[in-house]
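Structural overview
Residue-level listing of the chains:
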Amino acid sequence: MANNRYNKKDLERFRKEIQNRVDKLNGTMDGIRDDLNINSKGNASLAQDSVYSVHMADAGTDSYEREKGFHLMNRETDYINFLNLALQRIESGDFGVCAVCGEKIPEERMMEVPNATKCVSCKEGEKLNLPKS
Ligand SMILES: [Zn+2]
């Protein structure tokens, strides 16, 4: 067998680490939601519209804080989605394998960027976009 895949034990370790981060982020999100007084169904825009226009029309600082909170929440949601993708890749067995050259992506990189699908050299090559001579 080619040694370009992580074994089950390694994958389990990754899975735990990623799940940890997801849990932590979900905790952060709950905190932001509390700050913003959004119900847990995540109906943010609705809450924003109704509360905002009626009660916060001239509360400039509050609306700025809210705005910031929503941006933060969007960013965190994106990151959670990325992490969930990484978890799916662990399930499907694609995790840690470069989609371009098929080599194993080093563990340090996978811990840093769990949703990485390319090894560093393939990614760098892409960025440089060198014309083939
Ligand atoms: Zn590669």
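Residues numbered from 1 in each chain as written. Predicted model: local features only at pLDDT ≥ 70, side-chain atom pairs only at ≥ 80, totals over all residues.

What about the overall build of the chain?
Let me state the cut-off plainly: Strands are runs of DSSP state E lasting at least two residues, helices are runs of H or I lasting at least four, and both sets are numbered from the N terminus onward. Partly exposed residues are those whose C-beta has more than 12 but fewer than 20 other C-beta atoms within 10 Å; with 20 or more the residue is buried, with 12 or fewer it is exposed, and the C-beta atoms are placed from the backbone. We call two residues in contact if the C-beta atoms placed from their backbones are at most 7 Å apart.
Scanning the chain from terminus to terminus reveals 5 helices and 0 strands. Mapped from its N terminus to its C terminus, the chain presents α and β elements in the order α-α-α-α-α. In the chain, buried positions account for 11% of the 133 residues. Long-range pairs, those at least 24 residues apart, make up 60% of the contacts in the chain with a sequence separation of at least 6.

Here's the deal with the nonpolar core
We apply this condition: For this entry, the nonpolar core is defined as buried Ala, Val, Leu, Ile, Met, Phe, Trp, Tyr and Cys residues connected by C-beta atoms within 7 Å.
Listed in full, the 10 residues of the largest apolar core are Tyr6, Phe14, Ile18, Ala86, Ile90, Phe95, Ile105, Met110, Ala116 and Cys119. Looking at this core, the elements that each hand over two or more residues are α1 (8-36) and α3 (60-92). Apart from residues lying up to four places away in sequence, Ile18 is in contact with Leu83, Ala86, Leu87 and Pro114.

Topic: the environment of Glu12
Here Glu12 shows up in helix α1. Glu12 sits 78 residues away from Ile90 along the chain, and the two C-alpha atoms are 8.5 Å apart.

What to know about α1
How we decide: For a helix, the expected span equals 1.5 Å multiplied by the number of residues minus one.
Taking 1.5 Å of rise per residue, 29 residues should cover 42 Å, and α1 covers 41 Å from first to last C-alpha, within 8% of that figure. Of the residues one or two after α1, Asn37 is the one with positive phi, at around 60°.

A closer look at the confidence of the model for the chain
Test applied: pLDDT is defined as a per-residue confidence score from the predictor, taking values between 0 and 100.
Mean pLDDT over the chain: 83, with 76% of residues reaching 70 or higher. Ignoring residues within four places in sequence, the model shows residues 50-54, a span with pLDDT below 50, making 2 contacts including any to other chains.

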